[in-house]
Amino acid sequence: MTPALPPAEIRALARLLDELDYYQLLEIAPEAGTSEVKRSYYTLQRRFHPDANRGLDQETRSCLETIARRIAEAYAVLRDPRRRKAYDGQRDGEEAALRIPLVAAEAKTQRENIEETLGRTPNGKRFFALARADIDKGDLDAALRNLKMALTFEPANGFFKQKLTEVQDAQREADDRKRAESR
Amino acid sequence: MAEIAVGIDLGTSNSCVAHARGSRVEVLPNAYGENVTPSVVAFREDGSIVVGQGARSNLVHDPRNTVASGKRLIGRYFFSEEVKKAQAVVAYQIAEGPGHGVRVGVRGEQFSIPEISAMVLREMKSVAERKLGQEVTKAVVTVPAYFNDNQRQATKDAGRIAGLEVLRLLNEPTAAALAYGFGRGLTQRVAVYDLGGGTFDISVLEIGKDVFEVLSTCGDTYLGGDDFDDRLIDLLADEFQAAHGINLRKDPYALEKLKLAAELGKRGLSVDEQVEIRLPDVVQGDDGSSLSIERTVTAAEFSSLVMDLLQRTFKVCDEALQQAGLIARDLDGVILVGGPTRLPLVRQSVGDYFQQEPKTDVDPDEVVALGAAIHAASLVSDGDDDEEEDAASAFLLDVTPLSLRLGVAGGLAETVIERNTPVPIEQSRRFTTFQDDQERVQVRIYQGESRRAEENELLGQFEFSGFKKAPRGEAQIDVTFSIDSNGIVSVRACDPETGEETSTELSLSSGLSEDEIQNILDDGLADRVQSDAPDAEALVPAETSAAPAAVEPGPAVEPAPQPAPAVERVPEPAPAAAVEAAPELEIAPADEPLPELDSSPPVYEAFSPEIEGEIEEDDAELEIDSGISDAPTGDMVEAAAQKQEPATVGEEAVLDAADLEIEPGDLEELDVEAELEGDDGLFDRSGADLAQFGDDGEER
Ligand SMILES: Nc1ncnc2c1ncn2[C@@H]1O[C@H](COP(=O)(O)OP(=O)(O)OP(=O)(O)O)[C@@H](O)[C@H]1O
Ligand SMILES: [Mg+2]
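Throughout what follows, the structure given in this document is the object of discussion. Remember, it's a predicted structure, so these values are computed and weren't measured experimentally.

Rules used in this analysis
- All residue numbers here refer to positions counted from 1 along the written sequence of the relevant chain.
- Chain labels run from A onward and ligand labels from 1 onward, assigned in the order the entries are written.
- Only residues with pLDDT of at least 70 get local features here, since the model is predicted, and only at 80 or more are side-chain atom pairs given and counted; chain-wide, interface and lining totals rely on the full set of residues.
- With hydrogens and water stripped out, all remaining heavy atoms of the structure feed into the side-chain values.
- The way it works is that DSSP assigns letters per residue, a run of H or I at least four long becomes a helix, a run of E at least two long becomes a strand, and they are numbered from the N terminus.
- The classification of residues rests on relative accessible area computed with a 1.4 Å probe and restricted to protein chains. Under 20% of the type maximum is buried, over 50% is exposed, and intermediate values are partly exposed.
- Residue contacts are defined here by distance: any two heavy atoms, one from each residue, within 4.5 Å place the two residues in contact.
- Shrake-Rupley sampling with a 1.4 Å probe provides the accessible areas, and residues are treated as covered by the protein chains on show and by no other component.
- Here the term cavity refers to a set of points on a 1 Å grid, laid over the protein atoms alone, in which a 1.4 Å probe fits but cannot get out; the term pocket refers to an open set having protein on both sides within 12 Å along at least five of seven lines, with lining residues being those that place an atom within 4 Å of a point.
- Grid points are joined across faces, edges and corners, and a volume is the space filled by probe spheres set on the points.
- Being near a molecule or strand, for a residue, comes down to having at least one heavy atom within 4 Å of it.
- Any pair of N or O atoms that falls within 3.5 Å is considered a polar contact. Within protein, one atom must be able to donate a hydrogen and the other to accept it, and sequence-neighbouring residues count only if both atoms are side-chain atoms.
- Here, a salt bridge means any side-chain nitrogen of Lys or Arg that lies within 4 Å of a carboxyl oxygen of Asp or Glu.
- DSSP calls a pair of strands paired once it identifies at least 2 bridges connecting them.
- Helix axes are fitted to C-alpha atoms over the stretch in contact, other axes to C-alpha atoms as well, and angles between N-to-C directions run from 0 to 180 degrees.

Focus on the overall build of chain B
Then comes step 1: Of the regular secondary structure elements, chain B holds 19 helices and 29 strands.
Then comes step 2: Considering chain B as a whole, with its 700 residues, one finds that 65% of them fall into the buried category.
Then comes step 3: Counted over contacts in chain B with a minimum sequence separation of 6, partners at least 24 positions apart contribute 72%.
Then comes step 4: For chain B, the accessible area works out to roughly 24200 Å², and carbon and sulfur atoms hold 45% of it.

Right under this line is the structure:
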């Protein structure tokens, strides 16, 4: 069994963590092959995995856990060609970010979602914002009109459509209630 | 010397405890000499609690106060589909507890599911202590790989209540691979095909000299041996309806008999080429005559009945291989785990799929506990002892089985950590608000593979406030998710500007609160569990020795309930005597399945004598266990019989009764899909729109 690491070393590395890129973390060259990535991951997890270092004080232990998680993250990115490519591209860019979200591939769809929920076109956005205000005020007729307008600019916007159905349902309910009361 | 830590396979039907020291790993048999102990908990009239063989016998005559298959309910919400299904088939009371949790009501007391599991764990602890001759306080406990965070949390709570420090929750297939590769110096890629009673797990691993890396794990929570039973039930019921115009499925008594027969028949097919399923007097015809079923089922016919189910498992295997970036031919070995993998049909199909013979040198019932024991040893090893070196050197790298998601506007759930990402891991994401001057966001965490929030399992939610007010889309909230080596999730949110932070060990609503756990611990619940042993040598913890009587002849004098229908339906004399004696005598071989939860005693009484006869007559056809069990059944039964005074009364009948029992695997398969059904009423949905995300600040 690997002897436990000196706590000072663990804490020092934890402090340094945010300055290391994934290659530095895994102690490999940027052109290292997949098997090297794996070998290094094994070695480092053995060294830093909390299972391999018992009897540490709380603070050191939490440093160690942070390191182990970061090593796993580096591995998850570098072992996966798709993620690794995205990461290398990002590293070469101006931002030179040292980390990349593990769901980078999904980032685009996520952005699309936000756009969808706020509107993609200026007019779509404008009418949808009006519709939201109408909904807040409880003016369903106005909301309906504005939603329909928003949809003429963004006919494919699923979120708008969903809101439209919701408003229509609410209106129907309100009508039913009125009818029931008048009877 | 290093501390003692054991491995416990906390199974749905049976549990198993093992211990590793150096290169020696062994299952620790219970006081009956059996390697597996039924995961059944019986609540006796005197307030004592018994787990294991004794409890399983109790199931027969006191199903209302006997709880089996608790694992199916663990970490579930009361409104979930699984719980509804269980309610339909179990005799004990299932009620709603705080936070939409599940409570079991027995003898006027209410217990949470972690408490029930704790009782089983407590028994396994005693089994280990008895065998090892010293106190055991640490354990690695296994869970199905597909278990979500709620289920893992609840299992961990169970360990605590049982007085065990759970060193790690280990995925069952991972444990199996560890046991398989341990000490062999292999460098292999293997698949673990784990088909249980109701669920299917597949894990693909890379085994290095001393590292076990899980490459991927996938599963299907609606697929298991129970589905095989259902196919047989359908066959029999359809044919019966065609012949007699009676739908047996509508008659709960007949259906119970059918279930039992189907399961026994299925097991029979793991030893014989064909089985004869006989159900005399299954129901009365319109003219009062009694109608029977006699049907021979060949392996070939059975195969055609269940082939599509097997195909479904292979679809999941496809997925696992794809996630691991491998093809079947890349694998060096296939390890089988779980009862149904004893079927030649399953072995053969798996062999065909992976283009190789599955390994036969692994016991599908014990391998998981063995792996857990190896891991436990490695977690407590101090490295001084040479002998410990082996176990200590086995190093595990696992993955998270389910994608972790965050609820966002529009009823969607965005992935934050994809499934099959190595753990421990942490990811942060920046989110923004959805409304102007929004002050609070509701953070909802899910696990699952659907983009639609409601189709995933809700792990928990917390409210985050204290960030700077801003127009919508401008406030920033960083949410950090981490998954530890147990697969347990924690989440914290923070405003990057103000530094305001909330953190939460995502405590699920259906789980126990810290206070509740503390109360349970203070009440000394686990200490009420009587060590289940056929003799008095049991290592009884000091606190419980006050009531040793319960261990011994207690149950024998407990009168079996004799509801009216039983009398009408059973012309045979004295089944009651047999049933009464059951707890004392019944010793089943290790392979013997756990009894089914009879929904009402009359069912059992009504049909037991019939099937008994059946088994006696048609040993070859329905005697299932011979040939598969390595437990010295006969001897053990005799030995045990000698130890028990009231043995003579119903010895034969009782042993037959043991043969009769059905596996809880037969409980209708619990499904996960509708988990969140009813959510709307239970959780404040209005907040759902609040947390809206923006993956980078400059987005707006
Ligand atoms: N010899 C056999 N042939 C066919 N099926 C069997 C045999 N023995 C047991 N089974 C079936 O195996 C299933 C139970 O499997 P198993 O004991 O592996 O676990 P489980 O209840 O799923 O537990 P876990 O919680 O570990 O998943 C039942 O459906 C049972 O009918
Ligand atoms: Mg199992």
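Digging into empty space enclosed by the protein
Residue and element names in this part refer to chain B.
Then comes step 1: Per the stated rule, a full pass over the model turns up 16 cavities of 30 Å³ or more.
Then comes step 2: By volume, the second largest cavity amounts to about 160 Å³.
Then comes step 3: Taken together, 19 residues make up the lining of the second largest cavity; nearest its centre are Arg168, Leu169, Asp398, Val423 and Ser485.
Then comes step 4: Going through the elements one at a time, strand S12 (165-171) and strand S19 (395-397) are the ones with two or more residues in the lining of the second largest cavity.

Concerning the site of ligand 1
Residues and elements named next belong to chain B.
Then comes step 1: Around ligand 1 sit 20 residues, and of these Thr12, Lys71, Gly197, Glu263 and Lys266 come closest.
Then comes step 2: One of the side-chain nitrogen or oxygen atoms of Thr12 is found 2.4 Å away from an oxygen atom of ligand 1.
Then comes step 3: With respect to ligand 1, the side chain of Ser13 contributes an N or O atom lying 3.1 Å from an oxygen atom.
Then comes step 4: If ligand 1 stood free it would expose 650 Å²; the protein chains cover 90% of that surface.
Then comes step 5: Among the elements of the structure, helix H6 (225-244) and helix H7 (252-268) are those that each provide at least two residues to the shell around ligand 1.
Then comes step 6: The element contributing the most residues to the shell around ligand 1 is H7, with three residues.

Comments concerning the pattern of salt bridges
Residues and elements named next belong to chain B.
Then comes step 1: Tallying each qualifying case throughout the model produces 49 salt bridges over all chains.
Then comes step 2: Note that Lys71 and Glu172 form a salt bridge whose closest N and O atoms lie 2.9 Å from each other. With Lys71 in the loop between strand S7 (66-68) and helix H2 (81-89) and Glu172 in helix H5 (residues 172-181), the pair connects residues that are 101 residues apart, well separated along the chain. When sorted by exposure, Lys71 lands in the same class as Glu172, which is buried.
Then comes step 3: Between Asp234 and Arg249 there is a salt bridge; the shortest N-O distance is 3.5 Å. In this pair, Asp234 is assigned in helix H6 and Arg249 in the loop between H6 and H7, connecting sequence segments 15 residues apart.
Then comes step 4: Asp234 gets classed as partly exposed once you look at its relative accessible area, which sits at 33%.

Quick notes on the sheet that holds strand S10 (residues 109-112) of chain B
Residue and element names in this part refer to chain B.
Then comes step 1: Read from one edge of the open sheet, three strands run S8-S9-S10, paired in antiparallel fashion. What marks the edges here is a single partner per strand, and that holds for strand S8 (93-96) and S10. Within the sheet, the average angular offset between the axes of one strand and its neighbour, ignoring direction, is 40°.
Then comes step 2: Bridging between S8 and strand S9 (residues 102-106) involves four bridges; their strand directions are antiparallel. Looking at the pairing, Ala95 lines up with Arg103 of S9.
Then comes step 3: In the packing of helix H3 (residues 113-132) onto the sheet, contacts are made with S9 and S10, and the angle to S10 comes to roughly 85°.

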